[in-house]
Structure formats: C-alpha cells, structure tokens
Amino acid sequence: MESSFPSGAGNVEARRGLPYGAPALRFLLLCAAIAAAAFPASAELEVSPVIVEVSVRTESAASGSWTVRNRSMRPATAAVSAISYTDYSSGRRDAPAPSWLKLAPPSLTLAPGEESRVAWTILLPRGASGESLALAFFEEKSRSPGTTMIGRIGTAVYALASGTARPAGFVREVRLQEDAKGGEFLLIEIANTGNVHFRPTGTIEIRSAAAAVEATAVLVSGGSALPGTGTIFRTTAFPPLSEGRHVLAWKITTGVFDSAPGPALDGDTVLDCRRSR
Amino acid sequence: MNRLLRSAAVALFERAPLAFALCALAVFVASPAHATLDDQESVPMSLTVMGSASLSIQPKNVSNNAPASSLAFALPAPGETLSLSSQYVEVSFNTNFDNWKIKTYTSSGRSSDGINYWGALIGPDTAYKMYLRWKISDTVATPALTSGNWNSWTLYKDPADPDWDYNSNYLNIAAGGAWDGGWAQLPNGSSCSSPIDLYVAGSAASLVPGTYQNRMYLDFIHL
C-alpha cells in the first residue's frame, strides 16, 4: 500500500510549511492525503491442488503440476513463487526459494476462463533426511506500478526423503469447550515430536463416573501437525456432559509413512465437569 | 510413461487384457494431478494431492460499495489521530480443503531492530508512520472508529516487529475447513461465508507530506 502526493490531474502536491489554517488548503490536504497506490480489481485465480505430499528417494527427481485457472472476466497474469515454510513463518519474505523445489514457469498469462499448468520438480540432495516443507504462492501480478496490496493462494509442498520418516507424537492437552449452538466439543493439542507431518484422525470416547458412554467425539480431519510443533485440533460437537468426573479415552492414528502405519496416539485422561450456577 | 511402466503395462496386457484395461482406467481416474517417476530407475515414491482453492480481492468504497482501484486515507483532522480508509477490501474465497487460514500482515522488508514496529504506512523519514489496524466483517457494515474503540481494532503486524509471531491471532482474519459441511469463522469465533470485508484504519499523531508505503498481504494458506 502506498500513500503519495503525486502530481497530475486530481492530485495535490503538498509542501511543508503551508499554513494549515487556510480553509481551502486544509480541505485539499484532507482529501488528497495518503492515497494508496492502486491495486486493481483482482482476477479470481483458482489453483489445484492446494496440498502436495511426496515421498521420494534422494537424488531422484519427482515432478507434477498445479492447474491454475482464471475465473474472472478479464485477462490475468499469475506470478508463482516458492519459499520454505521456515522462512515464511519467520517473516523472511524475501528469502530465496528452497533449492529442492523448482517451479516453472514463474508466471502465467491467462485469458478469461483459461487454465494452464505450473510444473513442480522435487530433487532432494544426497543425505537429506526427514521432511522438507515449502509454500508455493500464486498471486495475480498487478498491472499498476507500486501496488503493494497482494492477495495470494498458498499451497503446501511436503517432500519426504523416502525411508527416513520417523513419525512420533503425543496428546499434550484436552480441553472441553462450548459451541455457539449449546453443545460442547473438545480441543486436543497434539505435539509432533517426529520428523514428518501427520494429519491425525480418530475418536474420543467420553464416559461418566458410572462408566456409561456419554458421548463419542470424532477428531476433525484435515489439519496438519507439523514436526516440532503443538497443534490444536477440534472434535465434532456433542450434547453437554453431565456434571462430575468423566474419563476421556482417545484412539488417534497418524497415517501411513513410506507404506508403513504411523504410531497410534492412544491415551486417556480424567475430566471433571463443574458448571457455574 | 517411462520405460518401466511401459514394460509393466505390456506384460499385463498380454497376460490379462481386462486387468490391463481396468488398471489404465484406474490410473486415469485416480490422477487428478500430473506426476512422473524418474526415468533412470524405479523410484519408490508416493504422491498425495488434495484440494483446490480460489481467491479474489476487490477494494470498494465505504460510501457506496462501488468497486475502487485503491485504498485511500484522509489525513486525520486537527486534534484527531485516527483515519478510516475510504475503501474496504472485499475478500472472496473458496476452497474444498479441510484446513485453511487467511492471514494479513504488512511486509516492510526491514530487519527487526528489537524496538520499532512496522505495521504501518512508512514515510521517507521512518520517524513518521501511520500505524495500521484492521477489522474483519462478514457483512458490509462500516465499523465504528473512535479513540474509545481503537483497541478493538487488530494491530497490523510486520515480520520486522520485535514480537512477530506467524501463528498469532494478529494475522488471522478467517479460518475454516471443509468438514461438517464446510465452515468458516472470523477471529471472534462467529461463523462467516465468502465474501468477507476487511476494513483498515490508521493512527498518526502527526504526519508530514510525502509518500507513505508498505507492502500488505492477504495470504490464503493451506497446510
């Protein structure tokens, strides 16, 4: 976003030291002020897929592509770039693309309704171990100079060095929450202590002190637990639990890695429900 | 199709033509994305691809909701420090993936000095900044902007800020998933649907004439 006092029709050149009290001038200053540079109506870009998960031997290339479509009524140019997730989340926005991921072409010009492909090639170096994660961004290139408001679709590329996966994790915390519809659900924090991401799925059985099953909640699928992080997942909702002591027992799977099942994160805990009156 | 797959396909065709036909159909149907194996050797590889998404952003005038080409701020009036942008940003999004977030932040390109904050429009003299905040809404309704509710607006964060945290709620304007019939919610937990509207306001005690700038991003992230 840019603010400027450019010259030209409809703009005002503001100078230091002008008498602010002059009514006409004050009006002009108030109106012209900090005008952001244009960011024109964006095209609607559609990108598929948004997740790429690859297991590949080191020093052997794997390739694939995204489909990019211009869903708008005007031409659009899409710029494509990649950044490691570590650099991106750390804010190193201008870091170079990861060396193990190549994208081509770096930009596409699409007519209304047109689609094309952007190819990816993954080549992990000798000795690579575990998983590398990058984000590939697709943004519409601005047609105006100085445009700095940018909308982008970010897609994840997970590249696992085949045979080196060490999935591991545990359930760190379980919390009971109320939802907006009067029901309750669980928030489960899962710590990933391995070297590869997983998408946990499973169920949590909730029993009362009398050992009756009060609810069975399903862990919502799709979320990614990244290595070295604790990630909070939620379950489906269930009717409010009775007061008192409950036992929560979960069976959670982590997926398949190099054709082998990952660890199960089974466990249980005690939940004491007390409702304020 | 590389040499190894071709050889395997020929062998299968000769021995079990029907199985060959079914395999060929399965490969065609099950491969929504294109992928290839290395031509040099048999490479154990697995590939999983998921989801599709679309995004468009459109500034619109707060006054009449007409499309606009820019965001503009009026200088705060004498004695005032707050200024609402004359435009909001309509964010239209769609995805069928189970886990997504839309994040907004500035990107000044600076390195953190551990002291200064850069979620702002920055003048040529960096001592002059218009600090930015945002509000997100599921409906077109200009949020109130007063000194009393300024703290209810969310700070714009910049990677050069001393407390930059990519996972903080300062960056998240919406999140959602495709499960349970599809859901999306704003930071306050209320549900929303596309499009959502991003309002931006600035605070400046005093500004001198000049060009104020920063890069601002709306990232539609899938992990």
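See the structure shown above.
Let us look at the structure shown here.

Analysis parameters
Residues numbered from 1 in each chain as written. Chains lettered and ligands numbered in written order. Predicted model: local features only at pLDDT ≥ 70, side-chain atom pairs only at ≥ 80, totals over all residues. Heavy atoms only, no water. Helix = DSSP H or I, 4+ residues; strand = E, 2+ residues; numbered from the N terminus. Buried < 20%, exposed > 50% of the residue type's maximum accessible area, 1.4 Å probe, protein only. Contact = heavy atoms within 4.5 Å. Areas by Shrake-Rupley, 256 points an atom, 1.4 Å probe, with all protein chains shown as cover. Pairing = 2+ DSSP bridges. Axes fitted to C-alpha atoms, helices over the stretch in contact; angles between N-to-C directions. Phe/Tyr/Trp six-rings, centres within 6.5 Å; stacked < 30°, edge-to-face > 60°. Lys NZ or Arg CZ within 6 Å of the ring centre and 35° of its normal.

1. Let's talk about the overall build of chain A
Within chain A one finds 2 helices and 20 strands. Residues counted as buried form 49% of the 277 residues belonging to chain A. For chain A, the proportion of contacts with a sequence separation of at least 24, taken over those separated by at least 6, is 67%. When the accessible area of chain A is evaluated, it comes to approximately 12,600 Å², of which 53% is carbon and sulfur surface.

2. Points about the sheet that holds strand β17 (residues 244–253) of chain A
Residue and element names in this part refer to chain A. The 4 strands lie next to each other as β15-β14-β17-β20, forming an open sheet whose pairing is antiparallel. Two strands in the sheet have a free side with no partner beyond their single neighbour: β15 (213–219) and β20 (267–273). Ignoring strand direction, the axes of neighbouring strands in this sheet form an average angle of 20°.

3. Considerations on the sheet that holds strand β13 (residues 184–192) of chain A
All names here are of chain A. The antiparallel open sheet is built from 3 strands, whose spatial order is β12-β13-β16. Of all strands in the sheet, those with a lone pairing partner are β12 (169–178) and β16 (230–234), marking the two edges. Averaged over all adjacent pairs, the angle separating strand axes in this sheet is 25°, with direction ignored. Across 5 bridges, β13 lies against β16 in antiparallel orientation. Bridged to Leu 187 within β16 is Arg 234.

4. Here we look at the environment of A:Thr58
Residues and elements named next belong to chain A. In this fold, Thr 58 is placed in the loop between β4 (51–56) and β5 (62–70). Overall, the relative accessible area of 25% leaves Thr 58 in the partly exposed class. Thr 58 sits 98 residues away from Ala 156 along the chain, and the two C-alpha atoms are 20 Å apart. Sequence-distant contacts of Thr 58, that is, excluding residues within four places in its chain, are made with Leu 124, Pro 125, Arg 126, Gly 127, Ala 128 and Ala 161.

5. Comments concerning the packing of aromatic side chains
Two descriptors summarise a pair of aromatic rings, namely the distance from one centre to the other and the angle between the planes of the rings. Taken as a whole and judged by the stated rule, the model has 11 aromatic pairs over all chains. Measuring from ring centre to ring centre gives 5.6 Å for B:Trp100 and B:Phe220, while their planes differ by 85°; the resulting arrangement is edge-to-face. Of this pair, B:Trp100 sits in strand β7 (residues 100–106) while B:Phe220 is found in strand β15 (residues 216–222), placing the two residues 120 residues apart along the sequence. Like B:Trp100, the residue B:Phe220 is buried in the burial classification. When the centroid spacing of 5.5 Å and the interplanar angle of 15° are considered together, the rings of B:Tyr105 and B:Tyr217 count as stacked. With B:Tyr105 in strand β7 and B:Tyr217 in strand β15, this residue pair connects regions lying 112 residues apart in the sequence. Residue class for B:Tyr105 comes out buried when judged on its relative accessible area of 1%. Owing to a relative accessible area of 5%, B:Tyr217 belongs among the buried residues under this scheme. An aromatic cluster of at least three residues, connected via ring pairs, comprises A:Tyr85, A:Tyr88, A:Phe137 and B:Tyr166. The positively charged end of A:Arg152 is found above the aromatic ring belonging to A:Phe137, 3.6 Å away from the centroid. Here B:Lys129 stacks its cationic end above the ring of B:Trp118, 3.8 Å away from the centre of that ring.

Honestly, that's just the spatial picture; any functional story needs more than this.
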